[in-house]
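The lines below spell out each chain.
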Amino acid sequence: MKKEPMTLEGYDLLVEEFKFLLEVEKPKTAEEKLVAAAQGDRSENADYHAAKEKLRFIDKRLFYLNSMIQKSQIIDPSGFPHAKVSFGSTVKIVNIDTDEEETYTLCGVLESEPENGLISIHSPLAKAMIGKEVEDEFKIKLPHAIKEYEILEIEYKNIFSLKKNIRTKVDFSFH
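J.: Which parts of the structure should I look at to understand the packing of aromatic side chains?
T.: The relation between two aromatic rings is expressed through the spacing of the ring centres and the mutual angle of the planes. Under the definition given, this model contains 1 aromatic pair. With a centroid separation of 5.5 Å and an interplanar angle of 25°, the aromatic rings of F138 and Y149 are classed as stacked. Taken together, the residues F138 in strand β6 (residues 137–142) and Y149 in strand β7 (residues 145–156) connect sequence positions 11 residues apart. For F138, a relative accessible area of 5% corresponds to the buried category. Here the guanidinium or amino end of K163 rests over the ring plane of F160, the centre of that ring lying 5.7 Å away.

What follows is the structure, encoded as structure tokens:
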């Protein structure tokens, strides 16, 4: 089984969602299904079908979360030196052709928010940067071009302090 790196905060959030779905959302939805079933003819019963569908979504999500929890490898990147790019590094790079600077933080797939600079450790860009040091150059092959970058800075910033989309109990529910 391939391990999936994540921070302790990311792992805790996964477990919190799993428990909430298992202990709160699933029993509540099962009860809704029973109440709807008691209303008679199931073929015409929209509430019954909605609850049945919701239970299917919950079970799928529980299955997915459970597999991610089993695969998870908790890593605390705050203890790494970050002299070289590794999990949890925040890396400022410059495109050698355009002089445009970009900043990315390498994190687990479930913690990633590419639109906010948090990229999965499995992404081609992250893979190209791992192990590199300041002033190292690297190339990324794109479908129609090759981009060349240089690493300007490597530092550590807490991944969850950079996230903009942290899921809460409201997000765990299926509406």
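J.: Sorry if this is basic, but what is going on with the sheet that holds strand β3 (residues 89–95) here?
T.: Whenever strands of a sheet pair, they do so through backbone hydrogen bonds, lying parallel or antiparallel. Overall, mixed pairing links the 5 strands, which are arranged β5-β4-β3-β7-β6 in an open sheet. The open sheet terminates on both sides in strands that have one partner only, identified here as β5 (118–120) and β6. Taken over all neighbouring pairs, the strand axes of this sheet differ in orientation by 45° on average, direction set aside. Bridge count for β3 against β7 is 7 bridges, and the pairing is antiparallel. Paired with K92 across the strands is E153, a residue of β7.

J.: Would you explain helix α2 (residues 46–71) in this entry?
T.: For an α-helix, the turn length of 3.6 residues means that residues three or four places apart are oriented alike. Over its 26 residues, α2 extends 38 Å from the first C-alpha to the last, a length consistent with the 38 Å expected when each residue adds 1.5 Å. Among all positions of α2, only Y48, A51, K54, L55, I58, L62, L65, M68 and I69 are buried. The backbone nitrogen of D47 lies 3.2 Å from a side-chain oxygen of the residue at the head of α2, namely N45.

J.: Honestly, the packing of helix α1 (residues 8–37) against α2 in this entry has me stumped. Any pointers?
T.: Helix packing geometry: the angle between the two helix axes and the distance between the axes. The N-to-C vectors of α1 and α2 enclose an angle of 160°; their axes lie 9 Å apart at closest approach. Judged by the inter-axis angle, α1 sits roughly antiparallel to α2. Relative to α2, the crossing made by α1 is left-handed. Broken down by class, the residue content of the contact of α1 with α2 amounts to 17 nonpolar, 2 polar and 10 charged.

J.: Just to check I follow, could you spell out the pattern of salt bridges for this structure?
T.: Opposite charge on two side chains permits them to pair, given that their charged atoms come into close proximity. Applying the stated criterion across every chain yields a total of 11 salt bridges. When the shortest N-O distance is used, the salt bridge between K28 and E25 registers 3.7 Å. Within this pair, K28 and its partner E25 are both found in helix α1, separated by 3 residues, close to a single helical turn. Among the residues examined, K28 registers a relative accessible area of 42% and is labelled partly exposed. Residue classification places E25 among the buried residues on the basis of a relative accessible area of 1%. Bridged by salt links that share partners, the residues E25, K28, E32 and K54 form one connected network.

About the cut-offs
Residues numbered from 1 in each chain as written. Predicted model: local features only at pLDDT ≥ 70, side-chain atom pairs only at ≥ 80, totals over all residues. Heavy atoms only, no water. Phe/Tyr/Trp six-rings, centres within 6.5 Å; stacked < 30°, edge-to-face > 60°. Helix = DSSP H or I, 4+ residues; strand = E, 2+ residues; numbered from the N terminus. Buried < 20%, exposed > 50% of the residue type's maximum accessible area, 1.4 Å probe, protein only. Lys NZ or Arg CZ within 6 Å of the ring centre and 35° of its normal. Pairing = 2+ DSSP bridges. Axes fitted to C-alpha atoms, helices over the stretch in contact; angles between N-to-C directions. Expected span 1.5 Å × (residues − 1). Polar contact = N/O pair within 3.5 Å; in protein donor to acceptor, adjacent residues only side chain to side chain. Parallel < 35°, antiparallel > 145°, perpendicular 65-115°, else oblique. Left-handed = near helix turned anticlockwise from the far one by under 90°. Nonpolar A, V, L, I, M, F, W, Y, C, P; charged D, E, K, R; others polar. Salt bridge = Lys/Arg side-chain N within 4 Å of Asp/Glu carboxyl O.

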